[in-house]
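# Working through the structure, step by step
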Amino acid sequence: MTREVADFPEPGVQFKDLTPLLADAAGLCAVTDALAASAAGADLVAGLDARGFLLGAAVATRLGIGVLAVRKGGKLPPPVHSATYQLEYGTATLEIPAEGIDIAGRDVVIIDDVLATGGTLGAAVKLLTASGARVTGAAVVLELTELRGRGAVAPLPVSSLHTV
Ligand code: AMP
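Residues numbered from 1 in each chain as written. Predicted model: local features only at pLDDT ≥ 70, side-chain atom pairs only at ≥ 80, totals over all residues. Heavy atoms only, no water.

Per an unreviewed UniProt entry, the chain is named Adenine phosphoribosyltransferase, and its organism is Mycobacterium dioxanotrophicus. The record in UniProt for the chain states the following under Subunit (unreviewed entry): "Homodimer." (UniProt positions renumbered as here; feature names shortened; annotations may be inferred.)

And the structure:
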């Protein structure tokens, strides 16, 4: 249920579009259950912009805990904590609110759709850790193993439901 799009958003990138999976009732349920099992014990889910928001909220609901949206740069009102990182295609910035939520001392599991180079996940770990959270792990639907993202965020435990 993954749609593959060649050369998007940059030439050479094989984009994995999980839209059909997320739009399928049984598929969404199965993915949510599996990610939630990987995130058991967390007291907060952090969902990465943007498909991680959908999955993160579903997982948090399943676990009976809250969700924090880790946003791309420029979307949140100030004050924010931010981290800039390297993508498979270009650079980007992640931000979380610096006020209104206290994540110090909380056990956070990060949820996203795809793990590629690990740049996004690594930046999210830095951001959350700098705010005092304990990032206990990450869970993704799909891991692109040849891009070695898991190694880039070692020793963080990363669960992936599928690898290609
Ligand atoms: P990376 O930082 O390289 O691990 O990239 C991970 C982030 O970029 C995730 O939030 C993904 O949604 C997105 N991403 C990177 N590469 C792809 C890809 N080939 N297909 C789909 N999404 C991707």
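We now examine the sheet that holds strand β8 (residues 134-143). Reading across from one edge, β5-β6-β4-β3-β7-β8-β9 is the order of the 7 strands in this open sheet, with mixed pairing throughout. Bordering the open sheet on either side are β5 (80-86) and β9 (158-163), each of which pairs with just one other strand. In this sheet, adjacent strand axes meet at a mean angle of 25° when their direction is disregarded. Examined bridge by bridge, strand β4 (residues 66-72) and strand β6 (residues 91-97) share 2 bridges and lie antiparallel to one another. Counterpart to K72 in the pairing with β6 is L94. Along the sheet, helix α4 (residues 119-130) makes contact with β3 (44-48), β4, β5, β6, β7 (107-115), β8 and β9, crossing β5 at roughly 155°. (Pairing = 2+ DSSP bridges. Helix = DSSP H or I, 4+ residues; strand = E, 2+ residues; numbered from the N terminus. Axes fitted to C-alpha atoms, helices over the stretch in contact; angles between N-to-C directions. Contact = heavy atoms within 4.5 Å.)

What follows is about the pattern of salt bridges. Taken as a whole and judged by the stated rule, the model has 7 salt bridges. Where D107 meets R134, a salt bridge forms, and the shortest distance between an N and an O atom there is 2.7 Å. Highlighted residues: D107 in strand β7 and R134 in strand β8, separated in sequence by 27 residues. Assessed through its relative accessible area of 19%, D107 is described here as buried. A relative accessible area of 47% means that R134 is categorised as partly exposed. (Salt bridge = Lys/Arg side-chain N within 4 Å of Asp/Glu carboxyl O. Buried < 20%, exposed > 50% of the residue type's maximum accessible area, 1.4 Å probe, protein only.)

Attention now moves to unusual backbone geometry. Between D49 and the following residue, A50, the backbone shows a cis peptide bond with an omega angle of 0°. Inspection of the secondary structure puts A50 in the loop between β3 and α3 (51-63). Backbone torsion omega between A154 and P155 reads 5°, so that peptide bond is classified as cis. In this structure, D7 takes a positive phi of about 60° despite not being glycine. In this structure, R148 is a non-glycine residue whose phi angle is positive, near 60°. Positionally, R148 belongs in the loop between β8 and α5 (149-152).

A separate point is the packing of aromatic side chains. In the structure shown here, the tally under the stated rule is 1 aromatic pair. Between F8 and F15 the ring centres are 5.2 Å apart and the planes differ by 90°, which places this aromatic pair in the edge-to-face class. The class of F8 is partly exposed, set by a relative accessible area of 44%. Relative accessible area serves as the criterion here: at 13%, F15 is assigned to the buried category. (Phe/Tyr/Trp six-rings, centres within 6.5 Å; stacked < 30°, edge-to-face > 60°.)

Secondary-structure assignment places D49 in the loop between β3 and α3. Despite its burial, D49 remains without a salt bridge, the nearest opposite charge being carried by R71 at 4.1 Å. Polar side-chain contacts of D49 include one of 2.6 Å to the backbone nitrogen of K72. Once you skip the residues sitting within four places of it in the chain, D49 turns out to touch V70, R71 and K72. (Lys, Arg positive; Asp, Glu negative; His and termini not counted. Polar contact = N/O pair within 3.5 Å; in protein donor to acceptor, adjacent residues only side chain to side chain.)

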